[in-house]
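Examination of the molecular architecture
Each chain is listed here by its residues.
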Amino acid sequence: MKVMVIGSGGREHVLVWKLAQSAVVEQIFCAPGSDGMSDIAEPVAIEVGDIAGLCSWAMEHAIDLTVVGPEAPLCAGLVDRFRAAGLRVIGPDSIGAQLEGSKSFAKAFMQRYGIPTAESEEFSRLEDALAYLRGRSAPVVVKADGLAAGKGVTVAHTLAEAEAAVRECLETRRFGEAGNKVIIEECLVGQEASLIALVDGEHIVGLLPAQDHKPVGEGDTGPNTGGMGAYAPTPLIDARLMAEIEEQVLRPSLEGIRREGWDYRGFLYAGLMLTERGIRVLEYNCRMGDPEAQVILPALETDLGLLLAACHDRTLDAVDVRWKDAVVVTVVLASGGYPGAYEKGKAITGLEEAASDPDTVVFHAGTMLDQAGEWRTAGGRVLSVTAWGADLPAAQARAYAGAAKIRFEGMHYRKDIGDKALP
Ligand code: AMP
Ligand code: GLY
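Okay, so let's go over this structure. Everything quoted here is computed from the prediction, not taken from an experiment. (Residues numbered from 1 in each chain as written. Chains lettered and ligands numbered in written order. Predicted model: local features only at pLDDT ≥ 70, side-chain atom pairs only at ≥ 80, totals over all residues. Heavy atoms only, no water.)

**Some words on the pairing of strand S9 (residues 182–186)**
To keep things clear, this is the line we draw: Each residue is placed in one exposure class: buried if its accessible area under a 1.4 Å probe, protein chains only, is under 20% of its type's maximum, exposed if it is over 50%, and partly exposed if it falls in between. Strands are runs of DSSP state E lasting at least 2 residues, helices are runs of H or I lasting at least 4, and numbering of each runs from the N terminus. Between any two strands, pairing holds if DSSP finds at least two bridges.
With five of its five residues buried, S9 lies for the most part within the structure. Examined bridge by bridge, strand S6 (residues 120–123) and S9 share four bridges and lie antiparallel to one another. Bridge assignment links Glu 121 to a residue of S9, and that residue is Ile 184. Bridge count for strand S7 (residues 140–144) against S9 is five bridges, and the pairing is antiparallel. Opposite Val 140, over in S9, you have Glu 186 as the bridge partner.

**Here we look at the sheet that holds strand S19 (residues 360–364)**
This is how the line gets drawn: Note on definitions: a residue-residue contact is assigned when non-hydrogen atoms from the two residues lie within 4.5 Å. Axis definition: a line fit to C-alpha positions, over the contact stretch in the case of helices; interaxial angles, taken between N-to-C directions, run 0 to 180 degrees.
The sheet built from five strands is open, its strands ordered S12-S15-S18-S22-S19 with antiparallel pairing. A single partner strand is all that each edge strand has here, and the edge strands are strand S12 (211–212) and S19. With four bridges joining them, strand S15 (residues 229–232) and strand S18 (residues 327–334) adopt antiparallel strand pairing. Each residue of the ladder has a partner; that of Ala 232, found in S18, is Val 328. Against the sheet, helix H1 (residues 10–19) touches S19 and strand S22 (381–389), its axis set at about 130° to S19. Across the sheet, helix H13 (residues 392–404) touches S15, S18, S19 and S22, and the angle it forms with S22 is around 140°.

**Things to note about the site of ligand 1**
So the rule is basically this: When we say a residue is near a molecule or strand, we mean one of its heavy atoms is within 4 Å of it. The term polar contact refers here to a pair of N or O atoms within 3.5 Å; inside protein, the definition further demands a hydrogen-donor-capable atom paired with an acceptor-capable atom, and it admits residues adjacent in sequence only when both atoms are side-chain atoms. Exposure was quantified through the Shrake-Rupley algorithm and a 1.4 Å probe, taking into account, for residues, occlusion by the shown protein chains and nothing else. Under the convention adopted here, Pro, Cys and the residues Ala, Val, Leu, Ile, Met, Phe, Trp and Tyr are nonpolar, Asp, Glu, Lys and Arg are charged, and Gly plus all remaining residues are polar.
With respect to spatial proximity, 16 residues lie near ligand 1, and among them Glu 185, Glu 186, Leu 188, Glu 192 and Glu 283 are the closest. The separation between an oxygen atom of ligand 1 and a polar side-chain atom of Glu 283 is 3.0 Å. Here ligand 1, which alone exposes 470 Å², has 88% of that area covered by the protein. For the shell around ligand 1, the secondary-structure elements that each account for two or more residues are S7, strand S8 (153–156), S9 and strand S17 (278–285). The class makeup of the residues in the shell around ligand 1 is eight nonpolar, one polar and seven charged.

**Quick look at the site of ligand 2**
Taken together, Asp 212, Gly 226, Tyr 269, Asn 285, Arg 287, Gly 289, Asp 290, Pro 291 and Glu 292 make up all the residues around ligand 2. Asp 290 places a main-chain nitrogen or oxygen 2.9 Å from a nitrogen atom of ligand 2. Between a nitrogen atom of ligand 2 and a side-chain N or O atom of Glu 292, the distance comes to 2.8 Å. Burial of ligand 2 by the protein amounts to 89% of the accessible area it has alone, namely 200 Å². Here the shell around ligand 2 is composed, by residue class, of two nonpolar, three polar and four charged.

**Notes on the sheet that holds S9**
If you walk across this open sheet you meet the four strands as S6-S9-S7-S8, and the pairing is antiparallel. Whereas interior strands pair on both sides, the edge strands pair on one side only; in this sheet they are S6 and S8. In this sheet, adjacent strand axes meet at a mean angle of 20° when their direction is disregarded. Its contacts with the sheet put helix H8 (residues 159–170) on S6, S7, S8 and S9, and the angle it makes with S7 is roughly 10°.

**Considerations on the packing of aromatic side chains**
This is how it is decided: Pairs were defined over the aromatic rings of Phe, Tyr and Trp, the Trp ring being its six-membered one, requiring ring centres within 6.5 Å. Orientation was assigned from the angle between planes: stacked under 30 degrees, edge-to-face over 60, tilted for the rest. Definition used: whenever NZ (Lys) or CZ (Arg) falls within 6 Å of the ring centre and also within 35 degrees of the ring normal, the charge is taken to sit over that ring.
Counted under the stated rule, the structure contains ten aromatic pairs. With centroids separated by 5.1 Å and ring planes inclined at 50°, the aromatic side chains of Phe 109 and Tyr 113 adopt a geometry described as tilted. An identical accessibility class is assigned to Phe 109 and Tyr 113; each is buried. Positioned above the aromatic ring of Tyr 269, the side-chain terminus of Arg 287 is 5.9 Å from the ring centre. The ring of Tyr 413 carries the charged tip of Lys 415 above its face, separated from the ring centre by 4.4 Å.

**Side note on the state of the cysteines**
The condition is simple: Sulfur atoms of two cysteines make up a disulfide when they are within 2.5 Å.
Counted by the stated rule, this structure contains zero disulfides. No disulfide involves Cys 169; its sulfur sits 17 Å from that of Cys 187, the nearest cysteine. Accessibility expressed as a relative area gives 2% for Cys 169, which makes it buried.

**Some words on the environment of Tyr 264**
Looking at the element boundaries, Tyr 264 is found in strand S16 (residues 264–275). The exposure class assigned to Tyr 264 is buried, which follows from its relative accessible area of 0%. Taking the C-alpha atoms as reference points, Tyr 264 and Glu 168, 96 residues apart in sequence, are found 33 Å from one another. Residues within four places of Tyr 264 in sequence aside, it is in contact with Gly 91, Pro 92, Gly 96, Leu 99, Val 199, Asp 200, Gly 201, Ile 257, Asn 285 and Cys 286.

**Overview of the side chain of Thr 275**
For Thr 275, the position within the fold is in strand S16. The buried category is assigned to Thr 275, whose relative accessible area is 16%. Engagement of the side chain of Thr 275 in a polar contact is seen with the backbone oxygen of Gly 278, the distance being 2.7 Å. The contact partners of Thr 275, leaving out residues within four places of it in the chain, are Leu 188, Val 189 and Arg 280.

Interpretation note: all reported values are geometric properties and have no functional meaning in isolation.
What follows is the structure, encoded as structure tokens:
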């Protein structure tokens, strides 16, 4: 197969890396891709938002299978366009992608199909939202309805904070159209985990459960980021809990997707809160997670090319999805200032030394090669140092040994990735 991956970050690098090991994949393209993966994927200079351009390019180059990394092109209808052109592509159609694109849409879906989630109310009028808040007590969670680049959720510890978040959405319109509605919901307490599944419209297969670390600082302090590190499998989800997730989340999600009539053949990501009162779905994403992909895919024993082709052909039930007997950890190295403003173009050293261990891979999230052939930073999340081992401490030690060999000005990373799973 000739395969194209869409996107350019760490998630796309690991997708390409895993596809490069597939027996059925002959050639890999990545649009736009990055210098960090150009040894295994030919870059295609088309941006992820140019759906028409990507579709024509895939037709002209007879791409057999396209895999979409980020949510924006999925919500914007990339899959609809590709399928109308007869191209094979992994992802939901634009309606199914609204599970991520609109929190209000996702809530209604969960209510219709009995999927456990936080109790919530939604508002489009400022006065109504404020009146509702006056009858509540803190903590409470305020969410902008639409895509807000990870900045749309406020876990408010006081009502004043909640009111400010509501005003930002409905009054000052910080998120534009994405803030036309707000969702106000109960604040849940528990450990968070990411359960990502592959759905082919008729079958659903849960992948290895992972745990992301969203806040920038150790001990989950500071502002939220895209994710500062992850590990899989997480022991927080044992066989008993996995069976509950299948029963309460995966099966009804598939049932909903079928009954709604969406053409959903791709990844479905359930962001879970494991509470004392049971599992709750915090959010859906319609794609692989980043950095979850960097820990789930290295643990996959099954051929990813075959698995994704089966997902497209609706034959996931015929694939034996196997996992390596290993724990994988990834530590994200971020630019100084991230998730706030940061500078780019800092020289990076130590990449080869870090990758010299056979059980370590450094995935590139935001880097570029300069004209002299030196690596430079080019994003907030710069690198994702991934390592595996027989158990979590072994994988952690290896990932941190790798991270310690890399340097760039302003670099920071969390030193506690995976600690929440240690006894
Ligand atoms: P979301 O984009 O919905 O995943 O929200 C981002 C983060 O906000 C989550 O990873 C949680 O840490 C937190 N969060 C979202 N909803 C709730 C909730 N109902 N209760 C507590 N924390 C939440
Ligand atoms: N790691 C969180 C996400 O991909 O949304």
